[in-house]
Every structure is written in C-alpha cells, then in structure tokens.
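Examining the three-dimensional arrangement
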Amino acid sequence: MSDQTLESQRFAGETSSAIREAAVLLGAAVVTSGLAVILQDPTVKLSLAVSAVTLVALLILLQIRRRMNRARLDPKLVGLFTFLEGDSSPSVVLDTHQQVLWMNAAAKAYFPNAQELGLVSALQATVPESAALLRRLRRGLDQAAMSVEDAVTRRGHARFVLRKYAYGQMLFRVEALASRDGASSGSVSIPVLSVSKSGTVLSMNEALRRMIGGRARDLNAVFVVPPAAEVSTAEVITPDGHVPVYLHQTELTAGRREIALLPMQRLTSTHDMNMGLEELPVAVMKLGPQGEVLQANAHARALLNIEGQVDDINFVDLVTGLGRSVRSWIEEALHAPLSLQPEVLRVKEGTEESFLQVTLMRSQSAEGPILTAVLHDATELKTLEAQFVQSQKMQAIGQLAGGVAHDFNNLLTAISGHCDLLLLRHDQGDPEYGDLVQINQNANRAASLVGQLLAFSRKQTLQPELIDLRDTLSDLTHLLNRLVGEKVTLTLMNEPDLSPMRADKRQLEQVLMNLVVNARDAMPDGGEITIEARAVELDAPMMRGRVTLPAGDYACVTVTDQGIGIPQDKLSKIFEPFYTTKRTGEGTGLGLSTAYGIVKQSGGFIFAESVVGKGTAFEIYFPAYHGQSLPVAETATVAPDRPSATGDGIVLLVEDEAPVRAFAARALRLNGFTVLEAECAETALELLENPALEVDLFVTDVIMPGLDGPSWVRRALIDRPGIPVVFVSGYAEDLLSDDEERIPNSVFLPKPFSLKQLIATVQAQFDAPSISAPLKDAV
C-alpha cells in the first residue's frame, strides 16, 4: 500500500471530525448572514454580520489548529521512542481518533495490519473484546492521565496501558504478565514504574519486579541513589548487583513521575538509539555535543533543505537564532538541569524564508550525552505574528500621525486665519502684502503635508464617487506626461471591460501621481513607465505576501517602471511614513505612505514587487462596485422658514483652542454676525439655559475635553430644535459620520479652513432650510 494511502487512512477520523465541525460553523455563518440581510434594523444587521465574520474566522482558526496539531508529536513521546523502539512490549502512538501515528518493531509484529486497518480491528485478532477494552481505557483517561486494563489474550495474560500526551495523542502499550506458576507470557519488556512527589512507588510493571526481585515501596528500594526529576542515568539494585541504566522520566499530574529504565548493556551503539527514527511522523534529529548532526529523518531533512547524507553537517550551519546564538543554546541544553523552552529559528537555505520551532531534549547514548531535536514548521505562525506586529506598528504610527495632524491643523487654522484677517487690511501695494502672501502660501503647504499624514493614518475626509478608471487615467495622462519629463515614456493600457469602482477621485489621482513620480525618480537615465488598468476576477481568496484578498471582482491598476529596483530587505518598509531610499532633500518619505493610507481607507489593497536592476511594479486592487448608483442622503422635511440671516444672525461658537476661537469669532463679527463664545461644551450649555437668549447657529469643534461636539449639540437641540450646526475638526469626517446622520441640518468643515471657507459655510447653513425634529431618543 502506498504512503499516500496510509496517510489518508491515518487521518481519516480527523478529517471526518473537521468536516462535521466546519459544516456546523459554516451553516451558522450562512444562517447568521441570511438573517442580517432579511432584518431591517441597521444595528441588528451589523451585529449579525460581525457574528458571521467571527464564525468564519473561527472556522479558519480551527482548520489552522488542526493542521498544526496533525504535524506535531508531544516532545515527551519523541524522547521515549529511543527506549520503546527496541522494547519487546508492543507500543503504539495514536491520535485522538485512534488512528496509528507510530509503532515500534514489537507492535508491528504483534499487530501486522494496524497501520492499514486501525488499532481496533488489529486488536480483535488478539483480544475479541478489543473495542470494549479500548472504550474502558478511554473512559479511564477522563479521570486520570493513565488507564490500565488486564485481559486474557490468545497469547496469555497481558496488561493494556493507555496514557495521554499533548495534542490529544496517546501511547498504547501491551505488557506481558506472569502466569500463576511464575512464568512470563512474553519476552522481557522495558522496566517502568510510577512514583509520587514524595518518592513512593505507586506502580511498577512485571519487567521491573523481575529485575529487582520483587515489589518496592519507594525509590530507595530500587535505586542506589534515588534520581531527581532531571537525572538521565542511575544504578538499580538487583539480586545480581548494581546495574547501570538510562532513565526516561515523564512528568505527570500532582508532581508524579513515570520512569522508564533501559539497561546500558542493551544499547551497543548510536545506531541502536536511532532505530525507527526514519518512520516518525514528525521531524526529529539527533545532535552531538557540538551540534553535529548524527541523524535526521526524512521530515527533518526536508524542513532543513538537506539533500543526501547528513555527514559532516553541523546544526549551527543550518539555522540562525532570532535572539541568541544557536551554539550557546545547544550548550545550555546539554548542561541545564531542566528542559529548556522551545526556540524559533530561521532556516538559512532555501528560496523562501522559513522558520522552525525547535525543542531540544538531552538523553544518553553508549557514546555519551546527545540531544534530540524535535522540529515543527513555524513559518505560518511567524507569518501571522509578523502580520500582527506590522499592523500594530502601522496602527500606532497612524494614531501618532493622526494626533500630530490634529494639533497641527489647529495651529495652521490660527496662522492662516489671522493671516487672512491681515490681508483684509492690506492691498497689493503695501510693502507687507508680499510677506503675508508668503505666510499664507507656506501655511497651505504645511496643510498639504498634514493632509498626507492624515491620509496615511486613514483619518482624512474622503468624498467617494463612482469612478471609471479609463476616464480617470485618460484625464490624468496630460498632467502625468508633464511630471515624467522628456526622458521618460509614459504608456497607458486599458482593458475595454472595466467595472466601476467607488473612491475619492482626487485622492486616487494623488496616489497615481505619487507612484509615477517615484517611478520617474527610479530612472535617472530615462525609460518607460507603464500604467495598466484591468479587471480581475477572483474565484477564491488569493494570498499576496502576508495579505489575503477575498474572492470577488476587482479593478486593478499596475504602475511598472524600468528603474534601479528596491532591495528585498527594504521592500517591506517602503510604506512606512518618513522612510525613503532617496538622498537627503529629494523626498519626504510620505509619498508611498500616503498612497498606502488612501488605498486602505478606500477599501483597496496595494502591493509592490521589485527586482534590483530591472524595475518595480506597484499593483492596486479596488473592489468593483456593482450598484446602480451611490446612496443618496434622504431628503429632509422642511419646517417653517427661519428668519434669513445675511450677516445679522447670532452664532454660538464653541472651540477649546483659544487662537482658533479668536480667529473664527473675529472673522464672523467682521461679516456682521453676532458671536457668543464658549471654551467648552459645558459653558455652551450653561449659556443656553437662559430662555431669553436667541441663537441661530451652532459652530462647534468635534473633539473637546469633557463633552464632545455631537454630545452637547444633541442635548441643546432637545430644547432648541431646528438650529443648524457647523462641526469643525482637525480629524476626518468619518469620526462624525454616525452623529451627523442623527443630527439634522449639520455640516462638516475640516481644519485648517480659511476665512472665506468659514464664512461661506456659515452663510450656507443660514440660507439652507432648517429641520425641526425631536432628538430625545438620540441622547
């Protein structure tokens, strides 16, 4: 029978269970998604949609966990294989579904068809009631780490032992028992005993009783010197004198230990230590004291990209430590009294980066101490970890950038605003007029840089619309040709069938210009830049690096150059803000981070591939929009007209930044408005407690100490319904989107704003029809 057939049979039970669990979770996700579509309550729909996504994520995590556990064995089991391989007692390692993972030579002879038929079927040839026996053993494991049953078999009396290990795996052993006349019903097996925390012998098998000549109450009656938990050699007291043995100790619950003894004379060479290693279903290696590879099975050789024999190969030359040297770790493992924690190491050889989680265990051979290394492929785990760390880092930088941008927007509002006030008092003939214009222009440049910070942190205000990429690229071609210059050729290629996409057209143009400028700078001697727009249909999720694109339709834009390329060690950093490969003064390091933020805020994906000396390609994927049109805001019901205020209305201005409040108040008063100022929301509410006070418009900051803008406005509108509102903020409008929908007749004015923008927005709110609606439910 082929290895592939054996593998499929071996994990048939696990696959069946996985399918059942996957079906339950997927069914729950489908039902939940269906309810989310049927129900009309937006809150309930959102909750159900989140639940469906959570169930699907749980399904994915379940499958990942099964895949990882399937490839693992408990390191304690691997260390025990050396003892069990030459043991005369049949020993079988089972998974959670009683499928065979490993058998020693005695088990293969005792159960010749176990790997093909399963242990239960193989047992039936020896023990008629094998199914009932295994059920009793499994029930025993519910109460303890080990379950024992004695039974009469066709070969005589035997003891069946089942012990639990990590990952749901079990060790099944058949130990021969002495008959009534004292004769053994089988050959001699490995002596094993279990002891309590205090050293009291709890149980011992027939092999150990024959070895020492009877039963023992404590370790002093078995060993010349009772071994501690970390000891691997000892001397046993026997009727024929002291016998040196190797020990394999397994920690159990409540401080108990199981100790397996292997007389040293039964190990004649390193070859005996390695019997059966090649058949293990996990990657295992034997290492010498200096890290030399004594033996590596097929799985280990595959993980380490070793071809042929392992002669003259040192483990130190195969892997690299991520935090400490591999050589020092090996030395510590040889002399440490206790087992060390596993280490994650990077494989040196191979075309793709891969990682291994390695566990070292010290043991003894006829030639001296050696290390058993158990290897697990940790590439997927490290990839997920790197994704998490990168997302956390980008989120932290984004929050910092957003906070800095907010504070700068307040400062720039005050600077440009007071500059506008000064310009009102000077004409072009004044000597100071040129200086004021320079101040104003540089304030606008600073605002542009702040806008890039907000773009990276995904906190800028977007105005999405339906976009046809073919039209957008055609309109942008003239400007891009001017940007690239005469040495560079710009080629545009569009597929005829492109689905529309939903994005902010101005921001999309900014992304394309940033990419084209970078491509131009990468080709100082000239070359060709190709912009290609095409439709991409994914029938299944697609992995790109560390990102998974969901299945669906996409509009893809690719910008390719023939430049110098980007080294691989720098490619992962290019989207970080202020990181640039250009010389000092040639770039701010914000171009690609801005593009990254805009694409991600628009729901898209951006990837970069580069070959040094050949060029770089940036690919942007935007989800295709299949709706007829973008949602249109509902038309508000018109209340009785308020008095028109063209410069004579009363404005309540609430702003915690004194310079911004001073500028806005002066600007409004210069245009004929009466302004009431408040430095916080609480002061504004105190002013409105006076019923005789008339207010026609609220102008308020969104983020303030204490009550924020939307919160105090909702309270105020309970007693003064219908008053229009202008919200201002240095953050994005997204922070206000939910509140703005619940507060009628409100608009958003992003900072920094000019004098003209402020007056135009305020005047538009006065001229617009007001909405009168009770907001008690919104508080």
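On a predicted model such as this, the values are computed, not experimentally measured, just so you know.

1. Some remarks on the overall build of the protein
A count of helical and extended segments in the protein gives 23 helices and 30 strands. Split into buried and exposed, the 779 residues of the protein put 47% on the buried side. Across the protein, contacts joining residues at least 24 apart in sequence account for 59% of those joining residues at least 6 apart. Carbon and sulfur atoms form 53% of the exposed surface of the protein, whose accessible area is close to 38800 Å².

2. Some points on the pattern of salt bridges
Counted under the stated rule, the structure contains 13 salt bridges. For Arg163, the salt bridge is made with Glu258, and the minimal N-O distance between the two is 2.4 Å. With Arg163 in strand E4 (residues 156–164) and Glu258 in strand E10 (residues 257–263), the pair connects residues that are 95 residues apart, well separated along the chain. Each member of the pair, Arg163 as well as Glu258, is classed as buried. Residue Glu206 is joined to Arg209 by a salt bridge in which the shortest nitrogen-to-oxygen separation is 2.9 Å.

3. A word on the confidence of the model for the protein
Per-residue confidence for the protein averages 75 on the pLDDT scale, and 68% of its residues sit at or above 70. When the criterion is pLDDT under 50, residues 1–20 qualifies, and its contacts beyond four places in sequence or with other chains add up to 27 contacts. Per-residue pLDDT stays below 50 along residues 267–273; that stretch engages in 16 contacts with residues further than four places along the chain or on separate chains.

4. Some points on helix H12 (residues 326–335)
Listing the buried residues of H12 in full gives Val326, Trp329, Ile330, Ala333 and Leu334. Buried residues along H12 cover an arc of 140° about the axis, so they all sit on one side.

5. Some points on a nonpolar patch on the surface
A cluster of nonpolar side chains, Val404, Phe408, Leu411, Ile415 and Ile439, forms an exposed patch at the surface whose accessible area comes to about 420 Å². Among the elements that take part in the nonpolar patch, helix H13 (residues 379–424) stands out by supplying four residues, more than any other. For Ile439, the location among the structural elements is in helix H14 (residues 433–456). Here Ile439 falls in the partly exposed class, since its relative accessible area comes to 41%.

6. A short note on the packing of aromatic side chains
Tallying each qualifying case throughout the model produces seven aromatic pairs. Centre to centre, the rings of Tyr110 and Phe111 are 4.7 Å apart; their planes meet at 85°, and the pair counts as edge-to-face. Grouping residues by exposure puts Tyr110 and Phe111 together as buried. Ring centres 5.4 Å apart and planes at 10° place the aromatic pair Phe673 and Phe766 in the stacked group. Taken as a pair, Phe673 in the loop between helix H19 (658–670) and strand E27 (674–678) and Phe766 in helix H23 (residues 755–767) lie far apart in primary sequence, 93 residues in all. By the burial criterion, Phe673 is buried, and Phe766 matches it. A connected cluster of aromatic rings, assembled from ring pairs, spans Tyr554, Phe607 and Tyr621.

7. A short note on the sheet that holds strand E25 (residues 615–623)
One open sheet holds the five strands; their spatial order is E18-E20-E23-E25-E24, and the pairing between them is mixed. With partners counted over all chains shown, the strands left at the sheet margins are strand E18 (488–494) and strand E24 (605–611), one partner each. Between one strand axis and the next, the sheet turns through 15° on average, direction left out of account. Contacts from helix H18 (residues 591–601) reach E24 and E25 within the one sheet, and its direction differs from that of E24 by about 140°.

8. Observations regarding helix H15 (residues 469–484)
The largest bend along H15 reaches roughly 45° and is located at Thr477. All of the buried residues along H15 are Leu469, Thr472, Leu473, Leu476, Leu480 and Val484. Where H15 is buried, its residues touch strand E17 (465–467), E18, strand E19 (501–503), helix H16 (505–521), strand E20 (527–538) and strand E23 (552–560). The opening residue of H15 is Asp468, an N-cap whose side-chain oxygen sits 3.0 Å from the backbone nitrogen of Arg470. Gly485 lies just past H15 and shows a positive phi near 85°.

9. Regarding the nonpolar core
Ranked by size, the top nonpolar core spans 39 residues in total, and within it Leu469, Met501, Ile529, Ile531, Ile574, Phe575 and Phe618 carry the most contacts. Looking at this core, the element that brings in the most residues is H16, giving seven residues. Among residues more than four places away in sequence, those in contact with Phe618 are Leu515, Val557, Thr558, Val559, Ile574, Phe575, Leu592, Ile606, Phe607 and Ala608.

10. Quick word on the sheet that holds strand E26 (residues 650–654)
Within a sheet, each strand pairs with its neighbour through backbone hydrogen bonds, oriented either parallel or antiparallel. The parallel open sheet is built from five strands, whose spatial order is E27-E26-E28-E29-E30. Looking at strand neighbours, the two that pair on one side only are E27 and strand E30 (746–750), the edges of this open sheet. Along the sheet, successive strands turn relative to each other by an average axial angle of 20°, direction set aside. Strand direction decides the pairing type here: E26 and strand E28 (residues 697–701), joined by four bridges, are parallel. Along E28, the bridge assignment pairs Leu652 with Phe698. Contacting E26, E27 and E28, helix H20 (residues 681–688) crosses the sheet at an angle of about 150° to E26. Contacts from H23 reach E26, E28, strand E29 (725–729) and E30, with the element oriented near 175° to E30.

11. Some remarks on unusual backbone geometry
A negative phi holds for most residues other than glycine; trans holds for most peptide bonds. Here the amide bond leading from Lys751 into Pro752 is cis, since omega sits at 0°, within 30 degrees of zero. With respect to the secondary-structure elements, Pro752 resides in the loop between E30 and H23. Here Asn305, not a glycine, exhibits a phi torsion of approximately 55°, which is positive. By the element assignment, Asn305 lies in the loop between helix H11 (298–303) and strand E13 (319–321). Unlike most non-glycine residues, Asn745 shows phi in positive territory, near 55°.

12. Comments concerning the packing of H19 against H23
For the pair H19 and H23, interaxial distance at closest approach is 10 Å and the crossing angle is 65°. For the crossing formed where H19 meets H23, the hand is right-handed. Contacts between H19 and H23 pair Phe663, Ala664, Ala667 and Leu668 from the former with Leu755, Leu758, Ile759 and Val762 from the latter.

13. A closer look at the pairing of E23
The side chains of a regular strand alternate between the sheet's two faces. Direction of pairing for E20 relative to E23: antiparallel, over a ladder of nine bridges. Paired with Glu537 across the two strands is Asp553, which belongs to E23.

14. Focus: the environment of Gly527
With respect to the helices and strands, the residue Gly527 is situated in strand E20. Taking C-alpha positions, Gly527 is 7.5 Å from Asp561, a pair spaced 34 residues apart along the chain. Every residue in contact with Gly527, bar those within four places of it in the chain, is listed here: Lys487, Val488, Thr489 and Gln562.

15. Description of the side chain of Ser354
Positionally, Ser354 belongs in the loop between strand E14 (343–347) and strand E15 (355–365). Setting aside residues no more than four positions away along its own chain, Ser354 makes contact with Leu345, Arg346, Val347 and Thr379.

16. Examining the packing of H15 against H16
Geometrically, a packed helix pair is captured by the angle between its two axes and the distance between the axes. At a minimum axis separation of 10 Å, H15 and H16 run at an interaxial angle of 40°. Relative to H16, H15 is oriented oblique. When the axes of H15 and H16 are compared, the crossing they make is right-handed. Taken together, the residues of H16 that come into contact with H15 (itself represented by Leu469, Thr472, Leu473, Asp475, Leu476, Leu479, Leu480, Leu483 and Val484) are Lys505, Leu508, Glu509, Leu512, Met513, Val516, Val517 and Arg520. Looking at the contact of H15 with H16 residue by residue, the classes come out as twelve nonpolar, one polar and four charged.

Reading the values: rules and limits
Residues numbered from 1 in each chain as written. Predicted model: local features only at pLDDT ≥ 70, side-chain atom pairs only at ≥ 80, totals over all residues. Heavy atoms only, no water. Helix = DSSP H or I, 4+ residues; strand = E, 2+ residues; numbered from the N terminus. Buried < 20%, exposed > 50% of the residue type's maximum accessible area, 1.4 Å probe, protein only. Contact = heavy atoms within 4.5 Å. Areas by Shrake-Rupley, 256 points an atom, 1.4 Å probe, with all protein chains shown as cover. Salt bridge = Lys/Arg side-chain N within 4 Å of Asp/Glu carboxyl O. pLDDT = per-residue confidence, 0-100. Arc of directions from axis to C-beta. Patch = residues over 30% accessible without salt bridge, like charges linked within 9 Å, V, L, I, M, F, W, Y side chains within 5 Å. Phe/Tyr/Trp six-rings, centres within 6.5 Å; stacked < 30°, edge-to-face > 60°. Pairing = 2+ DSSP bridges. Axes fitted to C-alpha atoms, helices over the stretch in contact; angles between N-to-C directions. Bend = angle between axes of the 7 residues up to and from the residue. Polar contact = N/O pair within 3.5 Å; in protein donor to acceptor, adjacent residues only side chain to side chain. Core = buried A, V, L, I, M, F, W, Y, C linked by side-chain atoms within 4.5 Å. Left-handed = near helix turned anticlockwise from the far one by under 90°. Parallel < 35°, antiparallel > 145°, perpendicular 65-115°, else oblique. Nonpolar A, V, L, I, M, F, W, Y, C, P; charged D, E, K, R; others polar.

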